[in-house]
Amino acid sequence: MHFIYDIPTKVYFGKDLLQNNLSKEIKKYSDKVLLVYGKSSIKKMGLYDKVIEELKKGKIEVFELSGIDPNPRVTDVNKGVQICRENDIKAVLAVGGGSSIDCAKFIGAGYYYDSDAWDLIIYPEKVTNSLPIFSVLTLAATGSEMDPNAVISNITTNEKIGGTHRCLYPKVSFLDPTNTFTVSEYQTACGSADIISHLIEQYFSPYEDLELLDNIIEGLLKTVIKYTPIALENPKDYTARANLMWTSSLALNGLVEGSKIQAWSCHPLEHQLSAFYDITHGLGLAILTPRWMRFCIKNPENISRFKRFAINVFDISENQSDIEIAEKGIQKLEEFFFETCKLNKTLSEIGIDDRDFEEMAERITGGKVFDTCYEKMTKNDIISIYKACL
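Owing to the predicted nature of the structure, the values given are computational and were not obtained by experimental measurement. (Residues numbered from 1 in each chain as written. Predicted model: local features only at pLDDT ≥ 70, side-chain atom pairs only at ≥ 80, totals over all residues. Heavy atoms only, no water.)

Asker: Mind showing me how you'd approach the overall build of the chain here?
Answerer: What the chain contains, in helices and strands, is 15 helices and eight strands. Here the chain has a C-alpha radius of gyration of 21 Å; the compact-globule value for 390 residues is 21 Å, and the two agree. Principal-axis analysis of the C-alpha atoms gives the chain an extent of 65 × 45 × 45 Å. A buried classification covers 57% of the 390 residues belonging to the chain. In the chain, the share of contacts with a sequence separation of at least 24, taken over all contacts with a separation of at least 6, comes to 77%. Total accessible area on the chain stands at roughly 16400 Å², and carbon and sulfur atoms take up 48% of it. Here the chain contributes 43 positively and 54 negatively charged side chains, and the mean placements of these two sets differ by 5 Å. (Helix = DSSP H or I, 4+ residues; strand = E, 2+ residues; numbered from the N terminus. Rg over C-alpha atoms; globule rule 2.2 N^0.38 Å. Buried < 20%, exposed > 50% of the residue type's maximum accessible area, 1.4 Å probe, protein only. Contact = heavy atoms within 4.5 Å. Areas by Shrake-Rupley, 256 points an atom, 1.4 Å probe, with all protein chains shown as cover. Lys, Arg positive; Asp, Glu negative; His and termini not counted. Charge placed at Lys NZ, Arg CZ, Asp CG, Glu CD.)

Right, here's the structure in full:
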């Protein structure tokens, strides 16, 4: 067990920390900034005006790239790169959720690449440098505010690919829970499903590591399960929003990864769903995860891990067989996703049928066994999991 833990992202966590700090941090790198954001939400909530006021106060010239989609497009990445080059901009500020931040990251990297940014997403080893990235977070979900990862879509080829490089860590991120008060019930629920999936992907690993990390993951999972219904009931509950926001960051900033080789299973399956159908990432993960779990416990060697998950996360009684405990843990997770969070339970409910499953599974496996995951999956296994979601 050995690893290097080095997070270069500075975090301002709490209320009203933008004032004087945002412009001060950006000014260290540039007096021009590209502001990257989604559609209308940050303007409706008044955050856009606060950000602009702060940047103007710091005498920072602002250029904008708006309209970033929930599954950010490589076309917008290329637009952002062009704006930065044409105006000699040396900093990128994302205001929004993970989509805006992910887009900003590859704009930063694309600035130093002479061709289509899609090359960098397919081959992140081609990334050599990045403009400094800053973020003002408005949704607890992806953890992109404190990690070096980004996921970008290419709608021309129906591809959604994640890339990572150390230089993609944001320099500074502002995490104010009050900026999540206006997040809808649906997006709050999807965000919580995303956080849970990030934790599950690292918890269900075939590689042994520190017991401490399992304990931390279990605690983070219990935190999401506790505070999500509170945030859904009262969107302006600061404690609930703060717990969800910080859990989102800790779930994917390397803290619980330790020295484990990554063995993610559900994300590759969901990325195909989003690539073909442009669905909300967290919703796809919520639908897929319990079905993937039931596939995994068909292997008796996996049951002890799922038993631990059930007992330590959902307090399932130990006075029953191991398989019964494991199954009840999965059932409790389903209840959380589909009853507490009120997310769609099946792909059929959101208009998805099985016509593309074979191609989606082929893209994941390439005709071989998908063996870099928790439980090895063949193409047919993946198709069966998709079909179980209908």
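Asker: Which parts of the structure should I look at to understand the sheet that holds strand S8 (residues 172-175)?
Answerer: Across a sheet, strands are paired by hydrogen bonds formed along the backbone, either parallel or antiparallel in direction. Pairing is parallel in the open sheet, where six strands are placed in the order S1-S8-S5-S4-S2-S3. One side of each edge strand has no neighbouring strand; the edge strands of this open sheet are strand S1 (10-13) and strand S3 (61-65). Averaged over all pairs of adjacent strands, the angle between strand axes in this sheet comes to 20°, irrespective of strand direction. Both strand S2 (residues 32-37) and S3 contribute to a ladder of five bridges, which runs parallel. Directly across from Leu35, in S3, lies its bridge partner Glu64. (Pairing = 2+ DSSP bridges. Axes fitted to C-alpha atoms, helices over the stretch in contact; angles between N-to-C directions.)

Asker: Just checking my understanding: could you explain the environment of Ala388 for this structure?
Answerer: Relative to the elements of secondary structure, Ala388 occurs in helix H15 (residues 379-388). Overall, Ala388 belongs to the partly exposed group, its relative accessible area being 43%. Expressed as a C-alpha distance, the spacing of Ala388 and Phe336, which sit 52 residues apart in the sequence, is 19 Å.

Asker: Got a minute to help me understand a nonpolar patch on the surface in this structure?
Answerer: Among the surface-exposed residues, Phe3, Tyr5, Leu210 and Leu212 lie close enough to one another that they form a single nonpolar patch of about 380 Å² accessible area. Tracing the backbone shows Tyr5 in the segment before S1. With relative accessibility at 42%, the residue Tyr5 sits in the partly exposed group. (Patch = residues over 30% accessible without salt bridge, like charges linked within 9 Å, V, L, I, M, F, W, Y side chains within 5 Å. Salt bridge = Lys/Arg side-chain N within 4 Å of Asp/Glu carboxyl O.)

Asker: Teacher, can you tell me more about the packing of aromatic side chains here?
Answerer: The relative placement of two aromatic rings is captured by the distance of their centres and the angle of their planes. Scanning the entire structure with this criterion turns up 19 aromatic pairs. Over the ring of Tyr48 we find Lys43; its NZ or CZ atom is 4.7 Å from the centre of that ring. A cation over an aromatic ring shows up here: Arg305 above the ring of Tyr203, its NZ or CZ 4.1 Å from the ring centre. (Phe/Tyr/Trp six-rings, centres within 6.5 Å; stacked < 30°, edge-to-face > 60°. Lys NZ or Arg CZ within 6 Å of the ring centre and 35° of its normal.)

Asker: Honestly, the packing of helix H8 (residues 211-233) against helix H12 (residues 303-314) in this entry has me stumped. Any pointers?
Answerer: Pairs of packed helices are described in terms of their axes, by the angle between the two and the distance that separates them. H12 packs onto H8 with a crossing angle of 50° between their chain directions and a minimal axis gap of 9 Å. Comparing their axes, H12 and H8 come out oblique. Read as a crossing pair, H8 and H12 show a hand that is right-handed. Judged by residue contacts, Glu211, Asp214, Asn215, Glu218, Leu221, Lys222 and Ile225 of H8 engage Arg305, Arg308, Phe309, Asn312, Val313 and Phe314 from H12. (Parallel < 35°, antiparallel > 145°, perpendicular 65-115°, else oblique. Left-handed = near helix turned anticlockwise from the far one by under 90°.)

Asker: I tried to follow the layout of surface pockets on my own but got confused; where do I start?
Answerer: Sizing a probe to match a water molecule and rolling it over the atoms shows the empty space that remains. Estimated volume of the second largest pocket: approximately 390 Å³. For the second largest pocket, the lining is made up of 22 residues, of which Asp16, Leu18, Leu47, Lys50 and Asp176 are closest to its centre. When residues of the lining of the second largest pocket are traced back to their parent elements, those giving at least two are helix H3 (47-57) and S8. Grouping the amino acids of the lining of the second largest pocket by side-chain chemistry returns nine nonpolar, six polar and seven charged. (1 Å grid on protein atoms, 1.4 Å probe; cavity = no way out; pocket = protein on both sides within 12 Å on 5 of 7 lines; lining within 4 Å. Points joined across faces, edges and corners; volume = space filled by probe spheres on them. Nonpolar A, V, L, I, M, F, W, Y, C, P; charged D, E, K, R; others polar.)

Asker: How should the nonpolar core be read in this particular structure?
Answerer: For soluble globular proteins, nonpolar side chains are generally found buried alongside one another. In this structure, Phe106, Ile107 and Trp292 are the most contacted members of the largest nonpolar core, which totals 104 residues. Here this core takes nine residues from helix H11 (residues 281-296), the largest share from any one element. For Ile107, the contacting residues outside a window of four places in its chain are Leu34, Val36, Leu65, Asp76, Val77, Gly80, Val81, Cys84 and Val92. Counting residues in each nonpolar core, the second largest holds 21 residues, with Leu18, Val51, Leu55 and Val95 among its members. (Core = buried A, V, L, I, M, F, W, Y, C linked by side-chain atoms within 4.5 Å.)

Asker: Honestly, unusual backbone geometry in this entry has me stumped. Any pointers?
Answerer: Note on backbone geometry: most residues besides glycine have negative phi, and most peptide bonds are trans. Within the chain, Asp278 stands out as a residue other than glycine whose phi angle is a positive 55°. Mapped onto the elements, Asp278 comes out in the loop between helix H10 (266-277) and H11. On the basis of relative accessible area, Asp278 is assigned to the partly exposed category, the value being 41%. Although it is not a glycine, Asp315 sits at a positive phi angle of roughly 60°. Structurally, Asp315 is set in the loop between H12 and helix H13 (322-340).

Asker: Explain helix H7 (residues 185-203) to me, please; I cannot follow it from the model alone.
Answerer: Residues three or four positions apart in an α-helix share a direction because the helix packs 3.6 residues into each turn. End to end, H7 covers 27 Å across 19 residues, agreeing with the expected 27 Å (1.5 Å per residue, within 8%). Counting buried positions over the 19 residues of H7 gives 16, a clear majority of the element. (Expected span 1.5 Å × (residues − 1).)

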